[in-house]
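Spelled out, the chains give:
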Amino acid sequence: MNIPDNQPVIELKGLHKRYLLKHALRGIDLSVRRGSIVGLLGPNGSGKSTLLKMMAGLIHPTSGSITVNGLTPGARSKSTIAYLPEIDHLYGGMTVTETLTFISAFYADWQPDKAAEMLDRLELDSNQKVRNLSKGMRARLKLIVALSRKVPLVLLDEPFSGIAPPSREKIVRSIIEEFNSEEQTIILSTHSVNEAEPMFDDVIFLFEGQIKRYESADRLRSEFGCSLENMWEKVCM
Amino acid sequence: MQLDFNNPKPIYLQMVDEVKKSLARGELKPGDKIPSHKEQAHLSKVNPNTVQRAYQEMEREGLTETLRGQGTFIKNDPELLVHIRSEMAQTAVQQFIEEMNGLGINPAETERLLSEHLYNGKKEV
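Bear in mind the structure is a predicted one, so any value in this text is a computation, not a measurement.

Novice: Would you mind going over the interface of chain A and chain B with me for this structure?
Specialist: Interface size is often expressed as the accessible area that is lost when the parts come together. The partner chain B presents 17 residues to the 21 residues of chain A that form the contact. Between chain A and chain B the total buried area reaches about 1700 Å² when both faces are included, carbon and sulfur atoms providing 48% of it. For the pair chain A and chain B, the interface holds 2 salt bridges. Here E169 of chain A and K45 of chain B are joined by a salt bridge, their closest N and O atoms 3.2 Å apart. In this structure, the connection of chain A to chain B is made through 14 residue pairs in polar contact (both at pLDDT 80 or more). Put simply, the parts of the chain that give the side of chain A that touches chain B at least two residues each are α6 (165–178) and α8 (217–224) of chain A. Per-element accounting of the side of chain A that touches chain B gives the leading share, 4 residues, to α6 of chain A. Split by residue class, the side of chain A that touches chain B holds 7 nonpolar, 7 polar and 7 charged.

Novice: Looking at this structure, I do not really get the nonpolar core. What am I missing?
Specialist: Across soluble globular proteins, nonpolar side chains show a tendency to be buried alongside one another. Core analysis: the biggest nonpolar cluster contains 68 residues, and L156, I175, M199 and F200 of chain A have the highest contact counts within it. The element contributing the most residues to this core is helix α5 (residues 135–147) of chain A, with 7 residues. Filtering out sequence-adjacent residues up to four positions away, F200 of chain A remains in contact with I37, V38, G39, L41, L188, T190, A217 and L228 of chain A together with N47 of chain B. Core analysis: the next-biggest nonpolar cluster, separate from the first, contains 24 residues, L12, M54, A56 and V68 of chain A among them.

Novice: Got a minute to help me understand unusual backbone geometry in this structure?
Specialist: Trans is the common state for peptide bonds, and a negative phi is the common state for residues other than glycine. Residues and elements named next belong to chain A. Of note in this structure, L20 is not a glycine but carries a positive phi near 50 degrees. On the secondary structure map, L20 appears in the loop between β1 (10–19) and β2 (22–32). Look at E123: it is not a glycine, yet its phi comes out positive at around 55 degrees. In this structure, E123 sits in the loop between α4 (112–121) and α5. On the accessibility criterion, E123 (51% relative accessible area) is exposed.

Basis of the calculations
- Residues numbered from 1 in each chain as written.
- Chains lettered and ligands numbered in written order.
- Predicted model: local features only at pLDDT ≥ 70, side-chain atom pairs only at ≥ 80, totals over all residues.
- Heavy atoms only, no water.
- Contact = heavy atoms within 4.5 Å.
- Buried area = accessible area lost by both parts, 1.4 Å probe.
- Salt bridge = Lys/Arg side-chain N within 4 Å of Asp/Glu carboxyl O.
- Polar contact = N/O pair within 3.5 Å; in protein donor to acceptor, adjacent residues only side chain to side chain.
- Helix = DSSP H or I, 4+ residues; strand = E, 2+ residues; numbered from the N terminus.
- Nonpolar A, V, L, I, M, F, W, Y, C, P; charged D, E, K, R; others polar.
- Core = buried A, V, L, I, M, F, W, Y, C linked by side-chain atoms within 4.5 Å.
- Buried < 20%, exposed > 50% of the residue type's maximum accessible area, 1.4 Å probe, protein only.

Here it is in structure tokens:
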């Protein structure tokens, strides 16, 4: 796929999402540059998952426009996005190997060598059934599924949720290792700011469905004089 | 590598400082090969873009040179070490002076305190 370098990976204009009476997103304007790792931070219910799902083309905006890799979300845009959902979406009855084989059949851009390499590095037992894996191991498997595709945009929704620190560390290392800044952009939502902070180029602070700040992590740290973890309460006030 | 995310100084500059400190301490020597971007990103668990900026900065400051197909090396320049040490010493003194100013201590008193400590330090040794 040929995408000009200067074109943003994602462009959102006046994006609103309402679930019945609840306003999940209230007017999001956002343009994400290519080749960065962006942290999507905000308290529970601030709209992080809604925003990621919308970028992935899984839900539709109430109003406003989205362009992902120059396409409006749909079947074609999905082939340019890898999305890691917060929920457990893998079949419990399949083994790790079966899961990867099954999923690889859906994607022309699947990289089996990369999957095998990550499987080894993340110390997953390939003969285990998914339902018998610990939460941390399932999170690692989900990450392999998302990062084994060769796509310009990777969306990770809470890749560390409910996972103990050693697993989190492994996941951070893997994301850094697999990230190819020349052709990829990663947007990652998390509450584990502490572990994730070294990964971020830019950060979006989302609060009550609106973007409070979207800035380079370095600039935010020099403005607030503290780490992202310590500033997020000051930003979302 | 000691990176402080509570420090307002950009991370890539902190990485450059760390390399300079290793040189000043003699852990790194002129002509030594340093890890590739990818290796460094893995080692320090830092975004590869940040590592790349740090490497660009080191190259710009004349601290390192990249040899095609061979990797990045600390410049083999005998002057380099002298420069770095004096540069880092200047920064440390500057910081000290600023802190003393911040405490409202005048230059004469600063000088007295400094020599007193230096003198005492020597006596104990």
